[in-house]
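This is what each chain is made of:
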Amino acid sequence: MTVARRDLLLGSAALGLAGGLSPAPLFAARARPTDGLSMGGAGALPMPVPLDHMPTPLPVQDAARVLMDRGWLFHEGDIEPAPLDTHNATYLSVKAGNARGAAAVDYDDSDWQAVDLPHDWASFQPFVKTANVAQGYRPRGIGWYRRSVRLDPALQGRRIELEFGGIATNATVWVNGSVVAHNFSGYNAVRVDLTPFARFGDEVNVVAVRVDAEAMEGWWYEGAGLYRHVWLADYAPVSIATDGVHGDPRKRADGWHVPVTVTLTSIADGDSTAMVEARLIDPQGQVVAQGRAQAQVPSLDQGTAQLDLPVADPQLWSVERPTLYTLDVRLLRDGQVADERRVPIGFRTIRFDADRGFFLNERPVKLKGVCLHQDHAGVGTAIPDALIGWRLERLKAMGCNAVRSSHNAPTPELLDWCDRLGLLVMNENRQFNPAPEYRAQLEWLVRRDRNHPSVILWSVFNEEPMQGTPAGVAMVRRMAHWVRALDDSRPVTAAMNGAFFDPVNVAHVVDVTGFNYYQGDYDRYHQLNPAKPITSSEDTSAFMTRGAFETDPVRHIASSYDVEAASWGDTHRGAWKKIAERPYVAGGFVWTGFDYHGEPTPYEWPTIASFFGILDLCGFPKVAFDIHRAAWVDDQPVVAIAPHWSWPGREGQPIKVMVLSNAERVVLRLNGKTVGEAAVDRLMGHEWTLPYAPGRIEAIAYRGGREVARAAHETVGAPVALRLTPARTVMAGDREDAQAITIDAVDARGRHVPIANLMTRFTIEGGAIIGVGNGDPNSHEPEKGLQRSLFNGLAQMIVRPDGGRGRIVIRAMADGLKPAMLKLDRLGVPARAQVALVAPETDIRDWRRSPRLDTRPSADLAPAASDNNGWAFVHAGTPTPAEEAGWRMYRTVLTPRRAVAARGGEIGFAAIGGVASLWIDGQLVAEKRDPRPGPLTAPFPAGEGKRVIALIVAGLGNNESGLIGRVMVRPR
Ligand code: GAL
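**Q** Any chance you could break down the overall build of the protein chain for me, citing the residues and the numbers?
**A** Scanning the protein chain for helices and strands turns up 10 helices and 58 strands. For the protein chain, the C-alpha radius of gyration of 31 Å lies close to 30 Å, the compact-globule estimate for 972 residues. Oriented by its inertia axes, the alpha-carbon framework of the protein chain measures out at about 110 × 70 × 55 Å. Relative to its full complement of 972 residues, the protein chain shows a buried share of 62%. When contacts within the protein chain are restricted to residue pairs at least 6 apart in sequence, those whose partners lie at least 24 apart make up 72%.

**Q** Describe the sheet that holds strand β6 (residues 170-175), naming the residues involved and giving the relevant values.
**A** Taken together, the 6 strands give an open sheet; going across it, the order is β3-β2-β4-β9-β6-β7, and neighbouring strands pair in antiparallel fashion. This sheet does not close on itself; its edge strands, each paired only once, are β3 (113-115) and β7 (178-184). If you compare each strand with its neighbour and ignore which way they point, the axes differ by 25° on average. Sheet analysis places strand β2 (residues 72-76) next to β3, joined by 3 bridges and oriented antiparallel. Counterpart to Phe 74 in the pairing with β3 is Gln 113.

**Q** An account of the pattern of salt bridges is needed here, citing residue identities and associated values.
**A** The final tally for this structure, using the stated rule, is 74 salt bridges. Notably, a salt bridge pairs Arg 65 with Glu 163, separated by 3.5 Å at the nearest N-O pair. Placement of Arg 65 in strand β1 (residues 65-67) and of Glu 163 in strand β5 (residues 159-164) is noted, with a sequence separation of 98 residues between them. A salt bridge links Arg 710 to Glu 707, with the nearest nitrogen and oxygen atoms 2.8 Å apart. Classification of Arg 710 by relative accessible area gives partly exposed; the value is 27%. Connected through salt bridges with shared partners, the residues Arg 150, Arg 199, Glu 203, Glu 841, Asp 843, Arg 845, Glu 906, Arg 966 and Arg 970 form a single ionic network.

**Q** Hey, could you go over the packing of aromatic side chains for me, with residue numbers and the actual values?
**A** On inspection of all chains with the given rule, the structure shows 28 aromatic pairs. Measuring from centroid to centroid gives 4.9 Å for Phe 352 and Phe 358, while their planes differ by 50°, and the two rings are tilted. The two residues Phe 352 and Phe 358 agree in class, both being buried. One aromatic cluster is present, built from ring pairs that chain together Phe 500, Phe 501, Phe 515, Tyr 518, Tyr 522 and Tyr 525. The ring of Tyr 91 has Lys 95 sitting right over it, with the charged end atom 4.4 Å from the ring centre. The ring of Phe 124 has Lys 784 lying over it, and the distance from NZ or CZ to the ring centre is 4.4 Å.

**Q** How would you sum up the site of the ligand? Please name residues and give values.
**A** What surrounds the ligand is the set Trp 219, His 407, Asn 462, Glu 463, Asn 516, Tyr 517, Glu 538, Ser 541, Trp 568, Trp 591, Glu 599 and Phe 612. Here an oxygen atom of the ligand and a side-chain polar atom of Glu 463 are 2.5 Å apart. Across the shell around the ligand, the residue classes break down as 5 nonpolar, 4 polar and 3 charged.

**Q** Residue-level account of the nonpolar core, with values.
**A** In this structure, Val 370, Leu 392, Leu 395, Trp 645, Val 657, Val 659 and Leu 668 are the most contacted members of the largest nonpolar core, which totals 101 residues. Of the residues forming this core, the biggest block, 8 residues, is contributed by helix α6 (residues 470-486). Beyond its immediate chain neighbours, meaning those up to four positions away, Val 370 contacts Leu 395, Met 398, Cys 400, Ala 402, Val 403, Arg 404, Phe 589, Val 590, Gly 593, Ile 614 and Trp 632. Grouped together as the second largest cluster of nonpolar side chains are 37 residues, Ile 160, Val 180, Ala 198 and Ala 213 included.

**Q** Give me the domain arrangement of the protein chain: which residues, what numbers.
**A** As far as domains go, the protein chain holds domain 1 (2-42 + 52-59 + 639-713), domain 2 (70-228), domain 3 (242-246 + 250-345), domain 4 (366-632), domain 5 (721-827) and domain 6 (842-971). Its C-alpha centre places domain 5 at a distance of 57 Å from the equivalent point of domain 6.

**Q** How would you explain the environment of Ala 507 if you had to name every residue and give the values?
**A** In this fold, Ala 507 is placed in the loop between β26 (492-496) and β27 (512-516). A relative accessible area of 1% means that Ala 507 is categorised as buried. Excluding residues that lie within four positions of it along the chain, Ala 507 makes contacts with Met 496, Thr 513, Tyr 525 and Lys 532.

**Q** Quick one: what's the story with the packing of helix α5 (residues 436-449) against α6, residue by residue and with numbers?
**A** Packing of α5 against α6 brings their axes to within 10 Å, and their N-to-C directions diverge by 30°. Two packed elements cross with a definite hand, and for α5 against α6 that hand is right-handed. Note on element contacts: α6 touches α5 through Met 479, Trp 482, Val 483 and Leu 486, opposite Arg 439, Leu 442, Glu 443, Val 446 and Arg 447. Grouping the constituent residues of the contact of α5 with α6 by class yields 6 nonpolar, no polar and 3 charged.

**Q** Before we move on, could you go through the pairing of strand β23 (residues 402-405) and cite the residues and values that matter?
**A** Here β23 shows a buried face lined by Ala 402 and Arg 404 and a second buried face lined by Val 403 and Ser 405. As paired elements, strand β22 (residues 367-372) and β23 share 4 bridges and run parallel to each other. Across the sheet, Gly 369 pairs through a bridge with Ala 402, a residue of β23. Handedness of the crossover joining β22 and β23 through helix α3 (residues 385-397) is recorded here as right-handed. Bridge count between β23 and strand β24 (residues 424-428): 3 bridges; the pairing is parallel. Counted as the bridge partner of Ala 402 is Leu 424 from β24.

**Q** Help me get a handle on α5, residues and values and all.
**A** Given a rise of 1.5 Å per residue, 14 residues ought to cover 20 Å, and the 20 Å separating the end C-alpha atoms of α5 matches this to within 8%. When we look at burial in α5, the residues that qualify are Tyr 438, Gln 441, Leu 442, Glu 443, Trp 444, Leu 445, Val 446, Arg 448 and Asp 449.

**Q** Quick rundown of the sheet that holds strand β32 (residues 639-642)? Include the residues and the values.
**A** The strand order β32-β33-β36 describes an open sheet built from 3 strands, whose pairing is antiparallel. The two strands at the open ends of the sheet, each matched to only one other strand, are β32 and β36 (686-691). Here the average twist between neighbouring strands, direction ignored, is 25°. In this structure, strand β33 (residues 654-661) lies alongside β36, joined through 6 bridges in antiparallel fashion. Each bridged residue has a counterpart across the sheet, and for Val 659 the counterpart in β36 is His 686. Sheet strands in contact with helix α9 (residues 623-632) are β32 and β33, and its direction is about 40° off that of β33.

**Q** So what's going on with the state of the cysteines? Residues and values would help.
**A** Structurally, a disulfide amounts to a covalent bond that connects the sulfur atoms of two cysteines. Using the criterion set out here, one finds 0 disulfides in the structure. A disulfide-free cysteine, Cys 418 has its sulfur positioned 8.8 Å from the sulfur of Cys 400, the nearest such atom. By relative accessible area, which is 0% here, Cys 418 ends up buried.

**Q** Let's hear about the confidence of the model for the protein chain: which residues, and what values?
**A** Within the protein chain, residue pLDDT values average 93, and 95% of them lie at 70 or more. Counted against residues more than four places away or in other chains, residues 1-24, with its pLDDT under 50, gives 53 contacts. Across residues 28-45, confidence stays below pLDDT 50; counting only partners more than four residues off in sequence or on other chains, it has 45 contacts.

**Q** Would you mind going over the pairing of strand β49 (residues 846-849) in detail, with residue names and values included?
**A** Pairing of β49 with strand β50 (residues 872-875) involves 4 bridges; the strand directions are antiparallel. Paired with Arg 848 across the strands is Phe 873, a residue of β50. Here β49 runs beside strand β51 (residues 886-894); their pairing, made up of 2 bridges, is antiparallel. Across the sheet, Arg 848 pairs through a bridge with Arg 891, a residue of β51.

**Q** Talk me through the packing of α3 against helix α4 (residues 412-421); I want residue IDs and the actual numbers.
**A** Close contact between α3 and α4 brings their axes to 9 Å; oriented N to C, the two are set at 40°. Judged by the angle between their axes, α3 and α4 are oblique. Note that α3 runs across α4; the crossing there is right-handed. Between α3 and α4, the contacting residues are Asp 385, Ala 386, Ile 388, Gly 389, Leu 392, Glu 393 and Lys 396 on the first element and Glu 413, Leu 414, Trp 417, Cys 418 and Leu 421 on the second. Residues belonging to the contact of α3 with α4 are distributed by class as follows: 7 nonpolar, 1 polar and 4 charged.

**Q** Account for the side chain of Thr 892, with residues named and values stated.
**A** Mapped onto the elements, Thr 892 comes out in strand β51. We classify Thr 892 as buried; its relative accessible area is 9%. At a separation of 2.8 Å, a polar atom in the side chain of Thr 892 contacts the main-chain carbonyl oxygen of Asp 846. Other than its neighbours up to four places away in sequence, Thr 892 contacts Ile 844, Asp 846, Trp 847, Arg 947, Val 948 and Ile 949.

About the cut-offs
Residues numbered from 1 in each chain as written. Predicted model: local features only at pLDDT ≥ 70, side-chain atom pairs only at ≥ 80, totals over all residues. Heavy atoms only, no water. Helix = DSSP H or I, 4+ residues; strand = E, 2+ residues; numbered from the N terminus. Rg over C-alpha atoms; globule rule 2.2 N^0.38 Å. Buried < 20%, exposed > 50% of the residue type's maximum accessible area, 1.4 Å probe, protein only. Contact = heavy atoms within 4.5 Å. Pairing = 2+ DSSP bridges. Axes fitted to C-alpha atoms, helices over the stretch in contact; angles between N-to-C directions. Salt bridge = Lys/Arg side-chain N within 4 Å of Asp/Glu carboxyl O. Phe/Tyr/Trp six-rings, centres within 6.5 Å; stacked < 30°, edge-to-face > 60°. Lys NZ or Arg CZ within 6 Å of the ring centre and 35° of its normal. Near = heavy atom within 4 Å. Polar contact = N/O pair within 3.5 Å; in protein donor to acceptor, adjacent residues only side chain to side chain. Nonpolar A, V, L, I, M, F, W, Y, C, P; charged D, E, K, R; others polar. Core = buried A, V, L, I, M, F, W, Y, C linked by side-chain atoms within 4.5 Å. Domains from an automatic or database assignment. Left-handed = near helix turned anticlockwise from the far one by under 90°. Right-handed = clockwise from strand over helix to strand, strands pointing away. Expected span 1.5 Å × (residues − 1). Disulfide = S-S within 2.5 Å. pLDDT = per-residue confidence, 0-100. Parallel < 35°, antiparallel > 145°, perpendicular 65-115°, else oblique.

Printed below as a string of structure tokens:
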């Protein structure tokens, strides 16, 4: 039971090595020939064709890191330690290793809940009217996590690092009873150098985390708890620092180079000299450049190695072909590889031009972007890696080429996906503050993310009221300076919402002016600042309820005809038109790609989520998806039609039909008759109002007189059966994979019923349903559990396979409907290694030892109340040196864990030196007659509260005596 070693990881590492990854779909559907990617509710065929193979796993960049996502114990609510009632207790409480309450090593967490990460405890909460509106009316509160870890004795002397990818929100972390981190942000990693705290062998290490999610950093749903991965790594004494490889290609006059800087860190005793080797591996696996450099690394300090890899004619990274190379950096010591990182990198140039916008590889690329919060139906912020990728691919299918991580550092896997998918990223910092703590967060972000080809902009803030003040300028100047010092290749922006024309404003100290809204000011700004590049950093803020076509303020419903928008924003079409028509505006970032919990706008309670998304909370497309597809997709014909065509009772009444296309001409047909025809307006689309007649409505798109695409809706009958549609028919049996599965109802002819709103119930074998949703921002149904009502025809479950092989079988039932069954293949993919679980045992580490006594003491001998000096503090495993013979008393007080208190257990001493007798609460329970070092075990009697354990040892003077090894109590 030790930390899984890196060789276990090599299998998955090998899978992730290939640098050049195909831009072919990873998760998403291939288009059905007849309707393109028409998921916007086509009556006949709304569902994409599932993919029948697994996506290539994300690259393993650091094979020394082992996931620590399993085996956590969670307690919701705070735990106050008992008050300190004596001077001596106070004295002891502030000593290293002596944390109290739930942070204490021996705290009894036996009634805590076992959880796996990622974990967002807020997503389990009900919606409560009095809870914070911005956070989606979900109580967040305070929570605790604990995890025990055993470290192989072979790891002694190695550098051991624990990393929390992100903790929402304010966190305190203890290791073995010592505070190791205070972190006041939910968006940056928390890294702990475990080395000086670590214990090896049988003794367990206890990690405790208190998370205060009452703290808020945003005005959106932020989740709560350990919602990103946790990693444990061990490295050689001289090793590559975390985020210690900077290798971001540059194009210079003489061609392409990869300047590589490697930061090394050392815990070795003396100063070291290390050799760093860097190899550049092309997408085909060929080493195309390599070099070596030496570095001096002082003891307990850092050193850097620098080298340059010239590369002739590399394949470029682009939105269409996101070609990745691997920068393989090895640290060599005595001819052996002591450490290694494999960093995916891409060759591309970027620049923002004040007149012509953004250039990628010297070609103009309009940023067709969306803003994202990390949030999904059912799982909240704890989005499995695969689902992050699936969400991004939905965006890519819409012609989106850029995302903004609003308003915080993204989960790192999001950037890995963006690198692979060819999505450009505006990478945003959370806290606008140049104080040291926040400077560190900003610098951490740049260091972590500066190798990603996808990242093209750093944003130091979003909408700060100080943006037009001297203090604001002073702050941005510093923050931009620190960013540039770490990365001189990407421009710095700030997402401003005003002050653009103030004489003092932060735009003067950033490279690209970011406009949030204020689209009417683009031209004037450009005229007054002709040399300043600008981009929309945020726009739109339009409202749509998926599948609804009439605004109803009473029922909190927003029409999908793209007519509703915030006063500060614009409709999808209106906002994009202003950007599209201005070559000097680099592009836009729609608020938002997906709906998110919280910030319910324009309606509040009982509404709990936003209406801004192009896709809803589940990633089901709204009409906005087709609006953007028509405007953004260039390489394939698009035609889409809204609304659906099932309006019982509305026969003969006028109905507005919207057709969106990127072709030249569209023809609208109702039941075979042409009812409309137009030259395509890609940006604004087309609308006709027709009397509703059941049947088939169809839009046909033409280019050069030839039909290039067609979309249709049919009037469907009553729902008779349920249907389950996965994104993939195969899943990895690794307990990590996840996918969204759509539930819908079909009529007697198997056609999607877009107006079904009925409750569905589920069962699953071979996996777990980790969340459910339906995209209705007004629904208060729980997002955990085995049921969900369809909302305007659709619901979703997020499925995570169990470990192992065989089929995953999912069934969906609804009253009066034929149930659906779905079988998915669960593949025996090697799971990523996880830190081994540890059985619940209590280590008794801390003992008091009496001075040497000439005669055998009585079992009730104890130190005086405030004696911190006469009796020594000793740690189990630290023997008393051999010296003259004599008696000693070892004494401690233990409150056993619940199971032991209730049913009794066993106490075990790994090794005691000398003759010994063991007493519990004054009763003799065992004796050891052989003076040579050896084990002793005894029953531990049941009983509540504090228990006094006394070990009387007689050392013979020739051997080490006392507590030579670990002591532990375990349940029976
Ligand atoms: C912006 C803000 C976003 C979101 C949006 C809603 O001002 O940057 O975070 O609140 O408004 O329209």
